[in-house]
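Examination of the molecular architecture
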Amino acid sequence: MEIPFADLRPMHDELRSELDAAYKKVMDNSWFIQGKELEAFEKEFAAYVGVKHCIGVATGLDALYLILKAYGIGAGDEVIVPSNTFIATALAVSYAGATPVFVEPKIETFNIDAALIEAAITPKTKAIMAVQLQGRCSDMDEINRIAEKHGLKVIEDAAQAHGAKYKGKKAGALGDAAGFSFYPGKNLGALGDGGCVTTDDDELAAKVRALGNYGSDYKYHHIYKGTNSRLDEMQAAFLRVKLPYLDKWNEARRKVAARYLAEIKNPLIKLPLATSEDYEHIYHVFVIRCNKRDELEKYLADNGIHTVKHYPIPMHMQKAYAELQILEGNLPIAEEISRTVLSIPMYYGMTMDQVDYVINRLNKFG
Ligand SMILES: Cc1ncc(COP(=O)(O)O)c(C=O)c1O
């Protein structure tokens with residue numbers, strides 16, 4: 001049996017006629033940037049997340065970068081970032097001109113260890129990036145408490161967390177502002193690149209909107225040196241089709257995760273945490289850990305099961321961040337995660353036969 005790591009076809013096949021109609025509607029309107037589809041999607045996604053504002057932008061990376069810029073965070077400032085995340089979290093800080101300061105995660109949650117944050121705060125610290133990695137939220141009460149105590153902004157990187165909840169509130173509504181990615185493989189994905197910022201902060205919302213539109217608050221009137229980062233009409237129309245199905249897709253992922261969690265029984269394999277009332281997981285990825293990870297990866301590939309490593313090299317060991325001069329061994333948890341993680345197939349439309357097969361093969365490894 002051949003099982004892809006992810007497959008968008010089951011989702012898109014079910015919605016094909018609706019997506020075709022959305023394409024046709026935009027073509028018929030012949031209006032492609034900053035029109036009615038974007039306006040409607042922004043309202044719908046803000047309502048879904050439970051915030052006042054949603055601003056469509058070009059990518060998730062831009063969403064994070066624009067929030068930092070809008071808060072005036074830049075050269076000479078520091079931003080706390082988990083040492084285990086996709087590099088875009090740190091790149092947003094670097095693009096803004098500030099310095100990312102890596103704080104180790106808890107190995108069981110993969111997310112930033114809130115107990116280690118205060119030790120990393122200096123007079124230069126301006127914000128904490130709380131990444132809701134893999135679709136599970138960070139310890140937001142503690143992060144918000146520390147941020148308030150030290151006068152810092154809390155910026156959620158919700159790129160992997162569409163619909164995830166923390167104590168009943170959705171990711172995107174848990175800090176001062178949040179960045180989402182609509183990269184096609186995300187739980188809510190466009191048919192190309194896309195992203196958005198969500199916030200309750202009126203001033204920030206207006207500034208992000210202007211910064212992403214050449215720094216313009218109205219046409220040909222420029223109040224900032226902005227950039228061009230907008231979610232186009234076609235992608236907004238596709239996202240409007242998909243948003244009403246997001247909860248159903250997340251539920252299907254939780255069903256697959258529940259089976260993996262209950263039925264993968266191999267002492268060599270460590271499983272991620274289960275969804276819970278306080279941390280409602282959306283399993284953007286299902287990440288197992290194994291000390292013989294590379295052997296396991298090959299064994300699964302030989303059995304037709306495709307996997308991905310999220311992520312194989314921690315950020316401080318990437319050439320791009322050599323300037324930070326963090327030597328190997330200094331962030332041991334991030335390094336251990338990189339050495340041991342493997343994401344196994346997880347997508348809407350996986351059949352129970354496929355789930356059976358993955359479980360069966362994993363249980364036979366060793
Ligand atoms: C945690 C995290 N942050 C940021 C991003 C950046 O999003 P995008 O690819 O839309 O720029 C991604 C997605 O790739 C991500 O997984």
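Everything numeric in this text was worked out from a predicted model, so none of it was measured.

1. A short note on the overall build of the chain
- The helix and strand inventory of the chain stands at 13 helices and 14 strands.
- Counting only C-alpha atoms and orienting by the principal axes, one finds that the chain spans roughly 65 × 55 × 35 Å.
- The buried share of the chain, reckoned over its 366 residues, is 55%.
- Within the chain, contacts between residues at least 6 apart in sequence are counted, and of these 70% link residues at least 24 apart.
- Split by element, the accessible area of the chain, about 15,900 Å² in all, is 52% carbon and sulfur.

2. Focus: the environment of Lys225
- As for its position among the elements, Lys225 is in the loop between β11 (221–222) and α9 (233–242).
- For Lys225 and Asn213, which are 12 residues apart along the polypeptide, the C-alpha to C-alpha distance reads 9.7 Å.

3. So, the pattern of salt bridges
- Overall, the coordinates contain 24 salt bridges when judged by the stated rule.
- Linking Arg240 and Glu37 is a salt bridge whose minimum nitrogen-to-oxygen distance equals 3.2 Å. One end of the pair, Arg240, is in helix α9; the other, Glu37, is in helix α3 (residues 36–49), and 203 residues separate them in sequence.
- With a closest N to O distance of 2.9 Å, Asp202 and Lys52 form a salt bridge. Taken as a pair, Asp202 in helix α8 (residues 202–211) and Lys52 in the loop between α3 and β1 (53–57) lie far apart in primary sequence, 150 residues in all.
- The exposure class of Asp202 is partly exposed, given its relative accessible area of 43%.
- Of the residues examined, Lys52 reaches a relative accessible area of 53% and is grouped as exposed.
- A network of salt bridges, in which partner residues are shared, links Lys25, Glu37, Glu44 and Arg240.

4. What to know about the packing of aromatic side chains
- Counted by the stated rule, this structure contains 14 aromatic pairs.
- Note on Tyr65 and Tyr95: the rings are 6.4 Å apart at their centroids and 85° apart in plane angle, and the pair reads as edge-to-face. In this pair, Tyr65 is assigned in helix α4 (residues 60–70) and Tyr95 in helix α5 (residues 88–96), connecting sequence segments 30 residues apart.
- The exposure class assigned to Tyr65 is buried, which follows from its relative accessible area of 18%.
- Note on Tyr245 and Trp249: the rings are 5.9 Å apart at their centroids and 20° apart in plane angle, and the pair reads as stacked.
- Using a relative accessible area of 24% as the deciding quantity, one classes Tyr245 as partly exposed.
- Given the relative accessible area of 1%, Trp249 is considered buried.
- Through successive ring pairs, a cluster of aromatic residues spans Phe41, Phe45, Tyr48, Phe180 and Phe182.

5. Here we look at the side chain of Thr109
- Structurally, Thr109 is set in the loop between β3 (99–103) and α6 (117–120).
- Residue classification places Thr109 among the buried positions, given a relative accessible area of 10%.
- Those residues in contact with Thr109 that lie beyond four places of it in its chain are Arg136 and Leu273.

6. Comments concerning the packing of α4 against α8
- It is at 9 Å that the axes of α4 and α8 come closest, and there the two elements cross at 120°. Here α8 runs oblique to α4, going by the angle between their axes. Note on packing geometry: the crossing formed by α4 with α8 is right-handed. The residues of α8 that touch α4, namely those facing Leu66, Ile67, Lys69 and Ala70, are Leu204, Lys207, Val208 and Leu211.
- When the residues that make up the contact of α4 with α8 are grouped by side-chain class, the tally is six nonpolar, no polar and two charged.

7. Details of the environment of Asn144
- In this fold, Asn144 is placed in helix α7 (residues 140–150).
- Taking C-alpha positions, Asn144 is 9.2 Å from Asp176, a pair spaced 32 residues apart along the chain.
- Look past the residues within four positions of Asn144 in its chain and what remains in contact with it is Val154, Leu174 and Gly175.

8. Some thoughts on the environment of Gln354
- Here Gln354 is to be found in helix α13 (residues 352–364).
- The exposure class of Gln354 is buried, given its relative accessible area of 14%.
- Linking Gln354 and Glu142, residues 212 residues apart in sequence, is a C-alpha distance of 39 Å.
- Residues within four places of Gln354 in sequence aside, it is in contact with Met1, Glu2, Ile3, Tyr347 and Gly349.
- One polar contact links Gln354 to Tyr347, side chain to side chain, over a distance of 3.4 Å.

9. Brief notes about a nonpolar patch on the surface
- Taken together, Tyr23, Met27, Phe32 and Ile33 make up a surface patch of nonpolar side chains, about 360 Å² in accessible area.
- Mapped onto the elements of the fold, Ile33 is located in the loop between α2 (16–29) and α3.
- A residue is classified by how much of its surface remains accessible, and Ile33, at 38% relative accessible area, is partly exposed.

Thresholds, definitions, all that
- Residues numbered from 1 in each chain as written.
- Predicted model: local features only at pLDDT ≥ 70, side-chain atom pairs only at ≥ 80, totals over all residues.
- Heavy atoms only, no water.
- Helix = DSSP H or I, 4+ residues; strand = E, 2+ residues; numbered from the N terminus.
- Buried < 20%, exposed > 50% of the residue type's maximum accessible area, 1.4 Å probe, protein only.
- Contact = heavy atoms within 4.5 Å.
- Areas by Shrake-Rupley, 256 points an atom, 1.4 Å probe, with all protein chains shown as cover.
- Salt bridge = Lys/Arg side-chain N within 4 Å of Asp/Glu carboxyl O.
- Phe/Tyr/Trp six-rings, centres within 6.5 Å; stacked < 30°, edge-to-face > 60°.
- Axes fitted to C-alpha atoms, helices over the stretch in contact; angles between N-to-C directions.
- Parallel < 35°, antiparallel > 145°, perpendicular 65-115°, else oblique.
- Left-handed = near helix turned anticlockwise from the far one by under 90°.
- Nonpolar A, V, L, I, M, F, W, Y, C, P; charged D, E, K, R; others polar.
- Polar contact = N/O pair within 3.5 Å; in protein donor to acceptor, adjacent residues only side chain to side chain.
- Patch = residues over 30% accessible without salt bridge, like charges linked within 9 Å, V, L, I, M, F, W, Y side chains within 5 Å.

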